[in-house]
Structures are given as C-alpha cells and as structure tokens.
Amino acid sequence: MVFNLDLDRVRSIASRLLSGVKDKAGDYVFWHASDMASALEAEGRSDDIVAVALLHDVFEDTDVTPQQMHDELATTSLNGKSIIEQVLVLTRQEGKETYAE
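Let us look at the structure shown here. Throughout this description, residue numbers start from 1 for each chain and increase along the sequence as written. Whole-chain, interface and lining totals are the exception, using all residues; otherwise, since this is a predicted model, local features are given only for residues with pLDDT of at least 70 and side-chain atom pairs are given and counted only at 80 or more. Excluded from the side-chain calculations are hydrogens and water; all other atoms, namely the structure's heavy atoms, are used.

A pairing counts as a salt bridge when a side-chain nitrogen of Lys or Arg comes within 4 Å of a carboxyl oxygen of Asp or Glu. Throughout the structure, instances matching the rule amount to five salt bridges. Between Arg11 and Glu41 there is a salt bridge, with its nearest N and O atoms 2.4 Å apart. Remark: Glu41 occurs in helix H2 (residues 29-42) and Arg11 occurs in helix H1 (residues 5-17); sequence separation between them is 30 residues. Within this structure, Asp8, Arg11 and Glu41 form a network of salt bridges that share partners. Think of it this way: any DSSP run of H or I at least four residues long counts as a helix, any run of E at least two long counts as a strand, and we number them from the N terminus.

For the rest of this paragraph, the subject is the nonpolar core. In these notes, a set of buried Ala, Val, Leu, Ile, Met, Phe, Trp, Tyr and Cys residues joined through side-chain atoms within 4.5 Å is what counts as a nonpolar core. Exposure classes here rest on a 1.4 Å probe applied to the protein chains alone. A residue is buried below 20% of its type maximum, exposed above 50%, and partly exposed in between. Leu55, Val58, Met69 and Ile83 are the most contacted members of the largest nonpolar core, which has 26 residues in total. At the level of elements, H1, H2, helix H3 (47-55), helix H4 (58-61), helix H5 (66-73) and helix H6 (80-90) are the ones that each hand at least two residues to this core. With six residues, H3 is the largest single contributor of residues to this core. Throughout, a contact is declared for two residues whenever any of their heavy atoms are within 4.5 Å. Apart from the residues lying within four places of it in its own chain, the contact partners of Ile83 are Asp48, Ala51, Val52, Leu55, Leu73 and Leu78.

A word on the packing of aromatic side chains. The criterion for an aromatic pair is that two Phe, Tyr or Trp rings (for Trp, the six-membered ring) have centres within 6.5 Å, with stacked assigned to planes under 30 degrees apart, edge-to-face to planes over 60 apart and tilted to the rest. Counted by the stated rule, this structure contains one aromatic pair. Measuring from ring centre to ring centre gives 5.3 Å for Phe30 and Trp31, while their planes differ by 65 degrees; the resulting arrangement is edge-to-face. Its relative accessible area of 12% is what places Phe30 among the buried residues. The exposed category is assigned to Trp31, whose relative accessible area is 53%.

Helices are assigned an expected span. That span is 1.5 Å times one less than the residue count. With 13 residues, H1 extends 18 Å between its outermost C-alpha atoms, agreeing within 8% with the 18 Å of an ideal straight helix rising 1.5 Å per residue. The complete set of buried residues in H1 reads Asp6, Leu7, Val10, Ile13, Ala14 and Leu17. One side of H1 holds all its buried residues, which, seen down the axis, span an arc of 115 degrees. In this structure, the buried residues of H1 make contact with H2, H3, H4 and H5. For this quantity, the arc is that covered by the directions from the helix axis to the C-beta atoms.

The structure is reproduced here in structure tokens:
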C-alpha cells in the first residue's frame, strides 16, 4: 500500500467532520464516503477526485462552511478551491431539490 499524506490528511478531516453523523438508514456517513473514495483510489483516480468522494457529504450533513473546508484543505497540497466547488455541485440544496435530483 502506498501512503499519500494529502489523502491521509483529507481522510482525517472527513472522519473528524463526519464523526457520529448517520444517514437515514442509521449507517455512519463517513464509512460510505470512505468506501467510495477507496473504490475511486483503486481505479487510479486523481487525489482531488478521491478527496471529493471523502468530503462529498460534509456540507449536506454538517454545519461546516466552504470557508472552513478551505481552511482545512490548506494543510494539503491539493487544489482546495476545486475540491470545494465539486463538493458543492454534489451537495443537495435543501428546499430547492429533492434527494433524487
């Protein structure tokens, strides 16, 4: 296994931000995000895409703001602005779209 310090840092951030958060089925949100990220990493996807997978539920399921996420990602060499923009695209807008949309 190859260790990637940036992705390890993002995993730590996601784990901390999503700690204790469960989905409607009662499963921990972080494990879903971690499973998605692992699958993408195994496919050889870029570090930024894997980071998006790890963080994709943060804005929807926590009170974390884009600025707070930017501050967290500043501790990595990843493209924080691009990651945040992609996470925002994946985030359901409460009251503006259904979960299916």
